[in-house]
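Residue-level structure breakdown
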Amino acid sequence: MEDRLKNIEVELQNFVSDTKDSLEAFRLRFISKKGQIAQLFEEFKQMSGEEKKKVGKALNELKRSAESKFKELQEQLDSQGYGSNVDIDLSLPPVTDAIGNLHPLNLTRYKIIQIFERLGFNVSDGPEIEDDWHNFSALNFPDNHPAREMQDTFFIEKNPDMLLRTHTSNVQIRLMQKQKPPIRSIMPGRVYRNEAISARAHCFFHQVEGLYVDKNVSFADLKQTLYHFAKEMYGKDIKIRFRPSFFPFTEPSAEIDISCLICQGDGCAVCKHSGWVEIAGSGMVHPNVLKNCGIDPEEYTGFAFGMGIERVTQLRYRVNDLRLYSENDIRFLKQFKPVI
Ligand code: PHE
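Residues numbered from 1 in each chain as written. Predicted model: local features only at pLDDT ≥ 70, side-chain atom pairs only at ≥ 80, totals over all residues. Heavy atoms only, no water.

What to know about the overall build of the protein chain
Counting its secondary structure elements, the protein chain contains 11 helices and 10 strands. Scaling as 2.2 N^0.38, a compact globule of 340 residues should have a C-alpha radius of gyration of about 20 Å, whereas the protein chain reaches 37 Å, well beyond that. Taken along the three principal axes of its C-alpha coordinates, the protein chain extends 115 × 50 × 35 Å. Residue burial in the protein chain is summarised as follows: out of 340 residues, 44% are buried. The contacts of the protein chain with a sequence gap of at least 6 include a subset with a gap of at least 24, amounting to 67%. The distance from the centre of the 45 positive side-chain charges to the centre of the 48 negative ones in the protein chain is 4 Å. (Helix = DSSP H or I, 4+ residues; strand = E, 2+ residues; numbered from the N terminus. Rg over C-alpha atoms; globule rule 2.2 N^0.38 Å. Buried < 20%, exposed > 50% of the residue type's maximum accessible area, 1.4 Å probe, protein only. Contact = heavy atoms within 4.5 Å. Lys, Arg positive; Asp, Glu negative; His and termini not counted. Charge placed at Lys NZ, Arg CZ, Asp CG, Glu CD.)

Details of the pairing of strand β5 (residues 183-192)
Summarising burial for β5: 8 of the 10 residues are buried, a large majority. Pairing analysis gives 2 bridges linking strand β1 (residues 122-123) to β5, with the strands arranged parallel. Looking at the pairing, Val-123 lines up with Ile-186 of β5. (Pairing = 2+ DSSP bridges.)

Considering the environment of Asp-78
You can see Asp-78 is positioned in helix α4 (residues 49-79). By relative accessible area, which is 58% here, Asp-78 ends up exposed. Taking the C-alpha atoms as reference, Asp-78 lies 24 Å from Asp-97; in sequence the two are 19 residues apart.

Overview of the side chain of Gln-172
Looking at the secondary structure, you find Gln-172 in helix α7 (residues 169-178). Leaving out residues up to four positions away in the same chain, Gln-172 has contacts with Met-187, Glu-209, Gly-210, Leu-211, Ala-304 and Phe-305.

Some thoughts on the packing of helix α5 (residues 104-118) against helix α8 (residues 219-234)
Axis separation between α5 and α8 bottoms out at 10 Å; the angle between their running directions is 135°. Classified by the interaxial angle, the pair formed by α5 and α8 is oblique. With respect to the hand of their crossing, α5 and α8 are arranged in right-handed fashion. On α8, the residues that touch Thr-108, Lys-111, Ile-112, Ile-115, Phe-116 and Arg-118 of α5 are Thr-225, Leu-226, His-228, Phe-229, Glu-232 and Met-233. (Axes fitted to C-alpha atoms, helices over the stretch in contact; angles between N-to-C directions. Parallel < 35°, antiparallel > 145°, perpendicular 65-115°, else oblique. Left-handed = near helix turned anticlockwise from the far one by under 90°.)

Focus on the layout of surface pockets
The calculated volume of the second largest pocket comes to roughly 260 Å³. Residue lining of the second largest pocket: 15 residues in total, with Leu-105, Asn-106, Arg-190, His-206 and Glu-310 positioned closest to the centre. Those elements that place two or more of their residues in the lining of the second largest pocket are α5, β5, β6 (204-214) and α10 (309-317). Of the residues belonging to the lining of the second largest pocket, the class tally is 6 nonpolar, 6 polar and 3 charged. (1 Å grid on protein atoms, 1.4 Å probe; cavity = no way out; pocket = protein on both sides within 12 Å on 5 of 7 lines; lining within 4 Å. Points joined across faces, edges and corners; volume = space filled by probe spheres on them. Nonpolar A, V, L, I, M, F, W, Y, C, P; charged D, E, K, R; others polar.)

Notes on the sheet that holds strand β3 (residues 155-157)
Pairing is antiparallel in the open sheet, where 3 strands are placed in the order β2-β4-β3. Strands with a single pairing partner mark the edges of an open sheet, and in this sheet they are β2 (129-131) and β3. In this sheet, adjacent strand axes meet at a mean angle of 35° when their direction is disregarded. Here 2 bridges tie β3 to strand β4 (residues 162-164), and the two strands are oriented antiparallel to one another. Of the residues in β4, the one forming a bridge with Phe-155 is Leu-163.

Observations regarding the nonpolar core
In terms of nonpolar packing, the biggest core is built from 46 residues, with Phe-116, Ile-258 and Met-307 touching the most fellow members. In contact with Ile-258, not counting residues within four places along its chain, are Ala-230, Tyr-234, Ile-238, Lys-239, Ile-240, Gly-275, Trp-276, Val-277, Ile-279 and Leu-315. (Core = buried A, V, L, I, M, F, W, Y, C linked by side-chain atoms within 4.5 Å.)

Considering the sheet that holds strand β8 (residues 250-259)
Strand order in the open sheet made by the 7 strands is β1-β5-β6-β10-β9-β8-β7, with mixed pairing throughout. Edge strands, defined here as strands with exactly one partner in the open sheet, are β1 and β7 (240-247). One ladder, built from 10 bridges, connects β5 with β6; its direction is antiparallel. Following the sheet pairing, Arg-190 is matched in β6 by His-206.

Digging into the pairing of β6
Regular strands place side chains that alternate from one sheet face to the opposite one. In terms of burial, β6 is largely enclosed, as 10 of its 11 residues are buried. The sheet contact formed by β6 and strand β10 (residues 301-308) spans 8 bridges and is antiparallel. Note on β10: the bridge partner recorded for Leu-211 is Ala-304.

A closer look at the pattern of salt bridges
Oppositely charged side chains can pair when the atoms bearing their charge come close. Per the counting criterion, the structure on display carries 14 salt bridges. A salt bridge links Arg-241 to Asp-257; its shortest N-O distance comes to 2.9 Å. A residue pair is termed long-range when its members are at least 10 positions apart, and Arg-241 in strand β7 and Asp-257 in strand β8 qualify at 16 residues. You can call Arg-241 partly exposed: its relative accessible area is 32%. Asp-257 gets classed as buried once you look at its relative accessible area, which sits at 2%. Across the salt bridge formed by Glu-255 and Arg-243, the nearest N and O atoms sit 3.9 Å from each other. A residue pair is termed long-range when its members are at least 10 positions apart, and Glu-255 in strand β8 and Arg-243 in strand β7 qualify at 12 residues. (Salt bridge = Lys/Arg side-chain N within 4 Å of Asp/Glu carboxyl O.)

Here you go:
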């Protein structure tokens, strides 16, 4: 009897099972009422008291050992997923991975980059956490300019001032410090302003600014470049107009409107019933800005412009609420096909 107990113990410990069928074979062989261990218990009943004393404990241990081995094999099989002989219904439709799509702001960003790359602009990047000089002072903002006030700018530290950039013009400054003209570059990126969140404003948004500095760059170059951009982005029937404006870092400055694509110029809420929508600010780089970056304004001139990607996207896809871009609502996001 004792030898048989040992043999069964060895046999069951070495049992390998990787399918439901072999697990069932294990159960039948060792654990079921007709299995080997039950058989031994039958024999045990017939034994004399003396003999029972000898094997009783070992027999109970064997029983427990078989049960825990069975549990172990069962868990192994469960963790592997299906055993090889599980019924698979081949007529079921396949489980496919949902293919995502690009965010509408990225679709627009790529399209803007593509248009300017064809005109010979490269793409530059810079920090979102910026010092006062690159975000304001170098751009000819006077010390008391309202944009520096707490209600407009998120300051991270005061004295010396560190802030979340309010526009990507900081990259223009960094570029001009680093590289001598000719410079022809666009700067897409995220910018931050301390504004109450509504359908028309958010505390962050995305910009693409552009800079072209070389000998003899004129306002005509600026106009033609942005005309070209608007036609490439919105089609050749788009109308564009330049309105005089003011920025500390450009002189002269102009705001650029395009004819409203939502109402075709008839007047609607998006264009505030004017038929025109502002898409960009622009102007000739102020001589002080060139000087601040070590570029001689007598030798070089340049133009700069900046547009909001959200606004360009709104007119492209007719999105009326800015908040939708950052809510991560899949029902909104999956509507955008990559028409780059
Ligand atoms: N930096 C300006 C802004 O954030 C945009 C701009 C860029 C205007 C370049 C003119 C020239 O609003």
